[in-house]
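Residue-level listing of the chains:
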Amino acid sequence: MAMKCALSEELPVDEYLITEEPYYVPVGNEVEIFIAAYRNKLPVNLKGPTGCGKTRFMEYMAWKLQRPLITIACHEDLTATDLVGRFLIKGDNVEWSDGPLTKAVKSGAICYLDEVVEARKDTIVVIHPLTDDRRIIPIDKLGVIVKAPDEFMLSVSYNPGYQSIVKDMKQSTRQRFVAVEFDYPPADLEKQIVAHETHVDEQTAARLVEIGQSIRNFKHHGLEEGVSTRLLIYAGKLIQEGIEAKEACRIAMSQPITDNQDLQKSIDEIIAAIM
Ligand code: ADP
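Residues numbered from 1 in each chain as written. Predicted model: local features only at pLDDT ≥ 70, side-chain atom pairs only at ≥ 80, totals over all residues. Heavy atoms only, no water.

Asker: Any details on helix α1 (residues 30-39)? Residues and values, ideally.
Answerer: Those residues of α1 that sit buried are Glu 30, Val 31, Phe 34, Ile 35, Ala 37 and Tyr 38. Here the buried residues of α1 occupy an arc of 160 degrees about the axis, which is enough to place them on one side. Exposed and facing more than 90 degrees away from the buried side of α1 are Glu 32 and Arg 39. The elements touched by buried residues of α1 are β2 (44-47), α2 (54-65), β9 (153-158) and β10 (178-181). After α1 finishes, the residue Lys 41 shows a positive phi value of roughly 60 degrees. (Buried < 20%, exposed > 50% of the residue type's maximum accessible area, 1.4 Å probe, protein only. Helix = DSSP H or I, 4+ residues; strand = E, 2+ residues; numbered from the N terminus. Arc of directions from axis to C-beta. Contact = heavy atoms within 4.5 Å.)

Asker: Account for the sheet that holds strand β3 (residues 69-73), naming residues and giving values.
Answerer: Pairing is parallel in the open sheet, where 5 strands are placed in the order β3-β6-β9-β2-β10. Here the strands that pair on one side only, and so sit at the sheet edges, are β3 and β10. For this sheet, the mean angle separating the axes of adjacent strands, direction not counted, is 20 degrees. Summarising the sheet, strand β6 (residues 110-114) and β9 pair through 4 bridges and their orientation is parallel. By the bridge assignment, Tyr 112 is partnered in β9 with Ser 155. Contacts from α2 reach β2, β3, β6 and β9, with the element oriented near 175 degrees to β6. (Pairing = 2+ DSSP bridges. Axes fitted to C-alpha atoms, helices over the stretch in contact; angles between N-to-C directions.)

Asker: Account for the layout of surface pockets, naming residues and giving values.
Answerer: Once rolled over the atoms, a probe with the size of a water molecule shows which space is left empty. Taken as a whole, the largest pocket encloses approximately 640 Å³ of empty space. Elements with a minimum of two residues in the lining of the largest pocket: α2, β6, β10, α7 (187-198) and α9 (229-240). Tallying contributions element by element places α9 first for the lining of the largest pocket, with 5 residues. Residues that form the lining of the largest pocket fall into these classes: 14 nonpolar, 7 polar and 11 charged. (1 Å grid on protein atoms, 1.4 Å probe; cavity = no way out; pocket = protein on both sides within 12 Å on 5 of 7 lines; lining within 4 Å. Points joined across faces, edges and corners; volume = space filled by probe spheres on them. Nonpolar A, V, L, I, M, F, W, Y, C, P; charged D, E, K, R; others polar.)

Asker: Summarise the pattern of salt bridges; cite the residues concerned and give the values.
Answerer: Scanning the entire structure with this criterion turns up 10 salt bridges. Among the ionic pairs, Asp 82 bridges to Arg 86, the shortest N-O distance being 3.0 Å. Residue Asp 82 is classed as partly exposed on the basis of its relative accessible area of 23%. For the salt bridge of Asp 98 with Lys 106, the shortest nitrogen-to-oxygen distance reads 2.9 Å. On the basis of relative accessible area, Lys 106 is assigned to the buried category, the value being 6%. It is possible to trace a salt-bridge network through shared partners that takes in Arg 56, Glu 59 and Glu 197. (Salt bridge = Lys/Arg side-chain N within 4 Å of Asp/Glu carboxyl O.)

Asker: How would you explain the pairing of strand β8 (residues 144-147) if you had to name every residue and give the values?
Answerer: Bridging between strand β7 (residues 136-139) and β8 involves 4 bridges; their strand directions are antiparallel. In the strand pairing of β8, Ile 137 is matched with Val 146. Hairpin connection, β7 to β8: the antiparallel pair is bridged by 4 residues, and Gly 143 has positive phi, about 70 degrees.

Asker: For the environment of Pro 49, give the residues involved together with the corresponding values.
Answerer: Within the secondary structure, Pro 49 sits in the loop between β2 and α2. When the C-alpha atoms of Pro 49 and Ile 139 are compared, they prove to be 33 Å apart, with 90 residues separating the residues in sequence.

Asker: Lay out the packing of α7 against α9 in plain terms, naming residues and giving numbers.
Answerer: The contact between α7 and α9 brings their axes to 9 Å, and the two run at 45 degrees. Between α7 and α9, the angle falls in the class oblique. For α7 against α9, the interelement crossing comes out right-handed. On the side of α7, the interface is formed by Glu 190, Ile 193, Val 194, Glu 197 and Thr 198, while α9 contributes Thr 229, Leu 232, Ile 233, Gly 236, Lys 237 and Gln 240. Taken together, the residues that form the contact of α7 with α9 break down as 4 nonpolar, 4 polar and 3 charged. (Parallel < 35°, antiparallel > 145°, perpendicular 65-115°, else oblique. Left-handed = near helix turned anticlockwise from the far one by under 90°.)

Structure, rendered in structure tokens:
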């Protein structure tokens, strides 16, 4: 197979460049770790519950490293062809169209595969040659191999809370990434984030975070996952629009996270006591 070079200039990836600094509050040394991984061409796995800041972190890092960010939301119908590319019929012609992964490789972008375990295992193997020293993507349908430029980086996100035998990352995939652990930000930072994102006053932000933390303690009582920072922000936004605070919390917290009425009632009691 021919070895094809990266064609960075030819690709219109400007739309994937993040020009304004995204608001991101570092929780630990994740920024430094990510930069060290990037410099060493190590793929990174962001492990953590949904809505705790992984996507925002990726946006921030792409901005900081001045690389385009191509995000792929993984799902079970995603095929290797969707990632790599396909021939499309255009009028009388058949044209090749790069998939997002190929586009990211060629343009030296950061490719972020969100919720990677949702993709089928046979789909995920296409990333394997990109995650070791070879840093290549074979495009079988074109009979070429594209080598990633130094700037290319692969990262994935993974929620260990959803772990099951059917949906788990194979060791052969897992062990290709360094793993950075994410969790909901500590209370003082989460308060700052909620206030910034929603413009609620400090006291309301503090109460939302307190409710969030109390619900998270409920995890052991049957909740699959605690309430995310994202949901606290939703509640704050509804409050800012004039929705009564307790109702906003019910709509953004007790209703979305569970269908179990007993649990909802217990959560509503927490909301009523704090808000
Ligand atoms: P995930 O990708 O983990 O599901 P997101 O990155 O979408 O979660 O986070 C949800 C929201 O929470 C973000 O849109 C952002 O408003 C906020 N957020 C969470 N953590 C942070 C943080 N450390 N700094 C700034 N915003 C944050």
